[in-house]
Structure formats: structure tokens, C-alpha cells
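Coordinate inspection notes
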Amino acid sequence: MHHCFMQDHAINGSDILMRNDYYKWVVPNYNNTSIKSSPLRLEIASKEAQKEPVELKEIIKIVNEFLLSMDMEAIPKPKMELNAGQSYRKQLKEKGVFINLDSEEDIVWMKFTVDGYLGVVGSGIDINFSYDNTSGEILNFLKKQWDERFILAFPLIKSPQSLNKFDKHLMESGIGNYLTSHHIPILDFYSHNI
């Protein structure tokens, strides 16, 4: 039987310090979220780029495994071909991505580089291939380019038997962290945790 740490142990100063140290490395503090104020994200991106990229089918399998574990529907064909210069939201709508969703914002998406790396795990409909944001700056630093031909889009559809409520940002974070736990390199490593 699993027990919560707080139920089994009295809290003392060293426990709090240990947990604060732990969180310092798991999720960057606000000062480390900007590339301009801290090199942490660039350092981690460099380490991620030294790993081998993983095939799309493996990433899709892992994400669907996570979705099923959260009482969400698996998405067997999340690869969405895109046409540059057209509204990505409109293209996703035409492809039926938003059907059965409470909100068009209820999707988790992934962008890749031309050499096959997972660049970002994001949520909502703010999909772009800009180089003027943090993810783009990371790609510039790594001398990589976005593959603007497609994204993976996972609509967050609750299975009929699910009683759980979900938050798209928590699902984004869960999917990103689940992928990293399976050794999937993500160039903007913290994109799903901020």
C-alpha cells in the first residue's frame, strides 16, 4: 500500500530543505525559465540533442499509454499534416481535431525538428513555428530548424466511463514528463513544465 510522505513522517527542517532541493532540479524556478537570465535551458537542450531522436510511432505509443492510464481516449493517428502560411487552428478544425472536445484549447501538441527531434510539448491552440520565442531560441542555439510540415495533436477526450476532470496544462506536463521518463529527448525540456 502506498502512503503519502506527509502521512508517515513528521516534517522537520531537513525534510523541507531536501524537498526544496529536489524541486529546484525537477522544475526550474522562475529565474531559470528565461534563456536571457540563465543558461540552464540551453545546457539541457544541448544534452538532449546528444541523444538519438526517437521514431514518431514510439512517441505516439507512449503518449497513448499515458492517455489511457488517465481515462482518456487513445489517439491512433495524431500526425497532422500542415500547410505553411495557413491558419493552423483552421487546418486542425478542418481535420476534425476539435470534434468531441469541450473547448478547442483541449489538445496537447508536439512540434519536431527537420532531423526528427521532439522540440516542444505544448497545449492549447497557440501552435507556431516561430524562432522568436524560447523554443525557437533554443533551436537557433542548437542550429536546428522546425519541421513545419506536421505536428502531433492529441485531443484530450475523456473515455465514456471516466469521471475525472482534467486540466490541459497538467495533462501537457504529465505527457512531457512521461515521455522523458521513457528517455525521449525533448529539446525544450521544460516547455511542458512552465
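Here, the structure is the one placed above.
Everything quoted here is computed from the prediction, not taken from an experiment.

What about the overall build of the protein?
Assigned secondary structure in the protein consists of seven helices and four strands. Going residue by residue from the N terminus, the α and β elements of the protein occur as α-α-α-α-β-α-β-β-α-β-α. For the protein, with 194 residues in total, the buried portion stands at 44%. Within the protein, contacts between residues at least 6 apart in sequence are counted, and of these 68% link residues at least 24 apart. Of the roughly 11400 Å² of accessible surface on the protein, a fraction of 54% belongs to carbon and sulfur atoms.

Quick look at the nonpolar core
Judged by nonpolar contacts, the single largest core of 46 residues is most densely connected at Ile-59, Leu-67, Met-110, Leu-118, Ile-151, Ile-175 and Leu-179. Only helix H3 (40–49), helix H4 (56–69), helix H5 (88–94), strand S2 (107–112), strand S3 (118–123), helix H6 (134–142), strand S4 (150–155) and helix H7 (168–181) provide two or more residues apiece to this core. A total of six residues in this core trace back to one element, the largest contributor, which is H4. When sequence neighbours within four positions are dropped, the list of residues in contact with Leu-118 reads Ile-59, Met-110, Lys-111, Phe-112, Leu-179, Ile-184, Pro-185, Ile-186 and Leu-187.

Some points on the pairing of S2
With six of six residues buried, S2 lies mostly within the body of the structure. Taking every second residue as pointing to the same face, both faces of S2 are buried, with Ile-107, Trp-109 and Lys-111 on one and Val-108, Met-110 and Phe-112 on the other. Sheet analysis places S2 next to S3, joined by five bridges and oriented antiparallel. Counterpart to Met-110 in the pairing with S3 is Val-121. Counting the residues that bridge the hairpin from S2 to S3 gives five residues, and of these Gly-116 lies at a positive phi of roughly 95°.

Reading guide: rules and limits
- Residues numbered from 1 in each chain as written.
- Predicted model: local features only at pLDDT ≥ 70, side-chain atom pairs only at ≥ 80, totals over all residues.
- Heavy atoms only, no water.
- Helix = DSSP H or I, 4+ residues; strand = E, 2+ residues; numbered from the N terminus.
- Buried < 20%, exposed > 50% of the residue type's maximum accessible area, 1.4 Å probe, protein only.
- Contact = heavy atoms within 4.5 Å.
- Areas by Shrake-Rupley, 256 points an atom, 1.4 Å probe, with all protein chains shown as cover.
- Core = buried A, V, L, I, M, F, W, Y, C linked by side-chain atoms within 4.5 Å.
- Pairing = 2+ DSSP bridges.

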